Amino acid sequence: MAKDVKSSGIDSTRLSKVLAGVLHEVLRHRVSVDVAFRRVCGGWCASSVDERELLYDAARRFVADYVKLLCVSGKRRRPRDLVKLWLSGFEEPSEPYCRLSVPLWLYDRLYALLGDEAVRLFEAMSVRVWWLRVNMLKSSIEGVVRGLESEGVIVEVSRDYPYMLKIIKTPKPVRLLRVVREFKAIPHDIASAAVVEALRPERGDSVLDACAAPGIKTSLIAMLAEGRVRIKAIDISGRRITVMRKLMRKLGVPDEAVEYMVADSRKVELREHYDKALVDAPCSNTGAMAKDPALRVTITPGKVEYYSRLQKGILENILKYASRVTYTTCSILPEEGEEVVETVADKVKLEKPQIKMCGEPYKGYSVSQSTCRLYPHIHESEGFYIANMVTH
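Quantities reported herein were computed from a predicted structural model and do not represent experimental measurements.

1. Looking at helix H8 (residues 104-114)
Listed in full, the buried residues belonging to H8 are Leu106, Tyr107, Leu110 and Leu114. Seen along its axis, H8 keeps its buried residues to an arc of 100°; they face one direction. Of the residues trailing H8, Gly115 is marked for its positive phi of about 65°.

Next comes the structure, spelled out in structure tokens:
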């Protein structure tokens, strides 16, 4: 719990102020822990990189325990009161959803789908598994592994995708590793990489990336096609497209490989037809709770319903512009997976994604035998849903 934080030597007043401030930002502005921490901490909260990392880790764990703290306190309380409770210690609640610190409605939904396996899924989401993707546009697997070893990092090479490295131990934050700062390796979850593997980009392909920013999957499309691919990258946000352009250059993606467009993929009209399309649709991100504990606080049934409608609109439109479409969401809920694909199943031919990490989707859906799910407790990854569709 908070025992190791209290013994870390950080001033207790400063620690309490940071934790309460981060939770306040999450509750009021519905932002991620990373955004909340940057806003609260700024340049004042820590005297060293190590101290800043300790505070950041404490903020992540505190926010992750939010539902648990509400269960223990018996009512909704102010952030500073919850900080006092967390730092003083408390008896673990017995109710499963409280112990796992997830909203009751979400626990009930997953338990109805998976039974006792839902507990193992949520337990796995309490610890983040860090994956690095070797950027073979700028380096090699051997070169990156040697670079990591020189900094004392221990990694495990994925048997399924050798360019994916699981971090076992690192003496410093991942973002500060030399190969990451030089863009020779990219923090990239293995389930997200499996999505692009399902798309199967090849040299000479034309690819429509319908929800492209920030561009991590886009850069993997280019990498797997050895840079010899033509990508149309669409995003609704001009600001995100600007950031994406800069990132693509840093990652070594050829300028001529990507054409950018600011548009709403639900309504966009295109003159060209593409070989393949990726619909990595905006979603609740319930599959990424280990990455961002704030999702335990901010996710609601209404938000899931909103994203489900959005996903259906995007998929319906993009199906008109490509011969093969890969649809995916970083969600553990069927409302954003199986139920979305079922709305178009009579218009396309579903093909089981040919990936090495294809878990069984939820039962009871007509599309279940032809699609894939990746689960945190099985694949040591974020939770993803993947479906491949042939339109012509």
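2. A short note on the side chain of Ser158
Checked against the element boundaries, Ser158 lands in the loop between strand S2 (154-157) and strand S3 (164-169). Note on Ser158: relative accessible area 9%, which makes it buried. Here the side chain of Ser158 touches Tyr161 through a polar contact of 3.0 Å, landing on its backbone nitrogen. Residues in contact with Ser158, not counting those within four places in the same chain, are Trp131, Met164 and Ile190.

3. Focus: the packing of aromatic side chains
Two aromatic rings, taken as a pair, are described by how far apart their centres are and by the angle between their planes. Under the counting rule described, the total for this entry stands at seven aromatic pairs. Here the aromatic rings of Tyr362 and Tyr375 are separated by 6.2 Å at their centres, their planes lie at 65°, and the arrangement is edge-to-face. Of this pair, Tyr362 sits in the loop between strand S10 (349-351) and strand S11 (372-374) while Tyr375 sits in the loop between S11 and helix H18 (376-379), and the two are 13 residues apart along the sequence. One aromatic cluster is present, formed by Tyr107, Tyr111 and Phe122 through successive ring pairs. The ring of Trp44 carries Lys17 above its face, with NZ or CZ at 5.1 Å from the centroid. In this structure, Arg128 packs its charged tip against the face of Trp130, placed 3.6 Å from the ring centre.

4. Here's the deal with the state of the cysteines
Within the structure shown, the criterion is met by three disulfides. Sulfur-sulfur distance for the disulfide between Cys41 and Cys45 comes to 1.5 Å. Taking the torsion about the S-S bond as the criterion, the Cys41 to Cys45 disulfide, at about -45°, is left-handed. The pair Cys41 / Cys45 is uniform in exposure class, with both members buried. A sulfur-sulfur separation of 2.1 Å characterises the disulfide bridge that pairs Cys71 with Cys98. Here Cys71 and Cys98 share a disulfide; its torsion about the S-S bond, -75°, makes the bridge left-handed. With a gap of 27 residues between them, Cys71 in helix H5 (residues 66-73) and Cys98 in helix H7 (residues 96-100) connect regions that are remote in the sequence. Of the residues examined, Cys71 reaches a relative accessible area of 24% and is grouped as partly exposed. Residue Cys98 is classed as buried on the basis of its relative accessible area of 5%. Not engaged in a disulfide, the cysteine Cys211 finds its nearest cysteine sulfur in Cys283; these two sulfurs lie 10 Å apart. Here Cys283 is not disulfide-linked; the sulfur of Cys330 is the nearest cysteine sulfur, at 5.5 Å.

What counts and how
Residues numbered from 1 in each chain as written. Predicted model: local features only at pLDDT ≥ 70, side-chain atom pairs only at ≥ 80, totals over all residues. Heavy atoms only, no water. Buried < 20%, exposed > 50% of the residue type's maximum accessible area, 1.4 Å probe, protein only. Helix = DSSP H or I, 4+ residues; strand = E, 2+ residues; numbered from the N terminus. Arc of directions from axis to C-beta. Polar contact = N/O pair within 3.5 Å; in protein donor to acceptor, adjacent residues only side chain to side chain. Contact = heavy atoms within 4.5 Å. Phe/Tyr/Trp six-rings, centres within 6.5 Å; stacked < 30°, edge-to-face > 60°. Lys NZ or Arg CZ within 6 Å of the ring centre and 35° of its normal. Disulfide = S-S within 2.5 Å.

Interpretation in functional terms is not warranted from these geometric data alone.
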